[in-house]
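# Commentary on secondary and tertiary structure
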Amino acid sequence: MMKKINTSINDLKSVLDTIQSGVISINKDKFLIFYNDKAKRIFSLSEAFIGKPISGIVRNPKILNFIEQSMKAIENQNEIKTFEEDFFIDASQSFDAKVTFLKVKASAKPKYLIVFNDISSITQAQNSQREFVENVSHELRTPITSILAATETIPTETPFRDIIIRQSLRMNEIIDDLLQISMLENNSVFNLQKEGINLSDLILFSVEAVKHLADKKDIVIEQPKDFNCCNLEVDISLIQNALSNILKNAIMYSNSNSKINIMLYSQQDSCIIEIIDNGKGIKKENIKNIFNRFFREESSRSRDYGGSGLGLPIVKKILDLHNGDITIDSEIGKGTSVKIFLPIQT
């Protein structure tokens, strides 16, 4: 019997040694009980480390805290869950890693697996893309500013003057949005500046920011009043930006002399802001693509409305940073409902 068990263990180790991810197993006391060949090379392990605390092997305090919190969450919720987070591994091999923590199901005593996946190439590609976008955006600013300045010298009655100004301003808007989404995705330098605020006040600020657009189309924006149960710690500037983006879309695609309703309510562990318009609506098959960069429904027609095509991707990223969510429900010819979910801190 013992021979069969040992054979199974050796077979498992042989399989795990062939994969390109570092795998470490610990017990409930966070002592090392197993490692594969990749983990051995990453952390310079040997048999002498078996039975030693994980804190003496993985010396990154952020990863140790991630392991601690993941283990507590699994035990408190009494269910099998997988937790993932990205870290920089600085050991005998330094690299960016996606660290996965999970509990082993088929085990009489609690055991946990920690998997280290090397994502350096992905991180480098993302950094290169981000730098390219930032460099190009900055380089475009100067000629566009010059074009706008030169346009001021053209007589106002010249037919193409307004077209140049309008398209130059649109280019500026695209550059601003590209720089913002690049900043939001750069987690290494970006930190949320959270402050306490009632969401009804934040909605009021956002409505005021877009009121001039609504007034041009005689659109009435109805908003919640004196709703006091949604006091949250958020990055006020970012959430206002997200709300303004959604309201601009609602105004843009709504008919003149129509109405936009904003509702605010709490549900379970979230505060929900719902924005409902009676506009053109979105095809069901396009909703899944709506948060992709530069995605536009009926692209040629959509450009007539302006915008950069980056507004909703920015909204999604802002909500991700707040551990929130966004859903869209729409029907052609009837309008769109956008729900923003923000977690209630406990």
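Residues numbered from 1 in each chain as written. Predicted model: local features only at pLDDT ≥ 70, side-chain atom pairs only at ≥ 80, totals over all residues. Heavy atoms only, no water.

### Overview of the overall build of the chain
Stated formally: Think of it this way: any DSSP run of H or I at least four residues long counts as a helix, any run of E at least two long counts as a strand, and we number them from the N terminus. Relative accessibility under 20% of the residue-type maximum defines a buried residue, over 50% an exposed one, and the middle range a partly exposed one, all with a 1.4 Å probe and only protein chains included. Pairs of residues are marked as contacts when any of their non-hydrogen atoms sit within 4.5 Å. Surface accessibility follows the Shrake-Rupley procedure with a 1.4 Å probe radius. Residue values consider only the protein chains on display as shielding.
Of regular secondary structure, the chain possesses 10 helices and 12 strands. The buried share of the chain, taken over its 346 residues, is 40%. Contacts in the chain between residues far apart in sequence, at least 24 positions, make up 59% of those at least 6 positions apart. Accessible surface computed for the chain: about 19,700 Å², of which carbon and sulfur atoms make up 52%.

### Describing the side chain of E274
For clarity, the cut-off: We count Lys and Arg on the positive side and Asp and Glu on the negative side, and we leave His and both chain ends out. We count a salt bridge whenever a side-chain nitrogen from Lys or Arg sits within 4 Å of a carboxyl oxygen from Asp or Glu. Side-chain atoms alone can form a polar contact between residues adjacent in sequence; in general such a contact is a pair of N or O atoms within 3.5 Å, and within protein one must be able to donate a hydrogen while the other accepts it.
In this structure, E274 sits in strand β10 (residues 270-276). Buried and without a salt bridge, E274 has K339 as its closest oppositely charged side chain, separated by 4.5 Å. At a separation of 3.0 Å, a polar atom in the side chain of E274 contacts the side chain of Y265. Engagement of the side chain of E274 in a polar contact is seen with the side chain of S337, the distance being 2.7 Å.

### Looking at the sheet that holds strand β12 (residues 335-343)
Short version of the rule: We treat two strands as partners when DSSP finds at least two bridges between them. Angles shown run from 0 to 180 degrees and are taken between the N-to-C directions of axes, each axis being a line fitted to C-alpha atoms and, for helices, limited to the stretch in contact.
Strand order across the open sheet formed by 5 strands is β7-β9-β10-β12-β11, with mixed pairing between neighbours. A strand with exactly one partner marks an edge of an open sheet, and here the two such strands are β7 (220-222) and β11 (325-331). Direction aside, neighbouring strands of the sheet carry axes that sit 15° apart on average. Across the sheet, helix α10 (residues 311-321) is in contact with β11 and β12; its angle to β11 comes to roughly 140°.

Remember, this is a structural readout, not a statement about activity or role.
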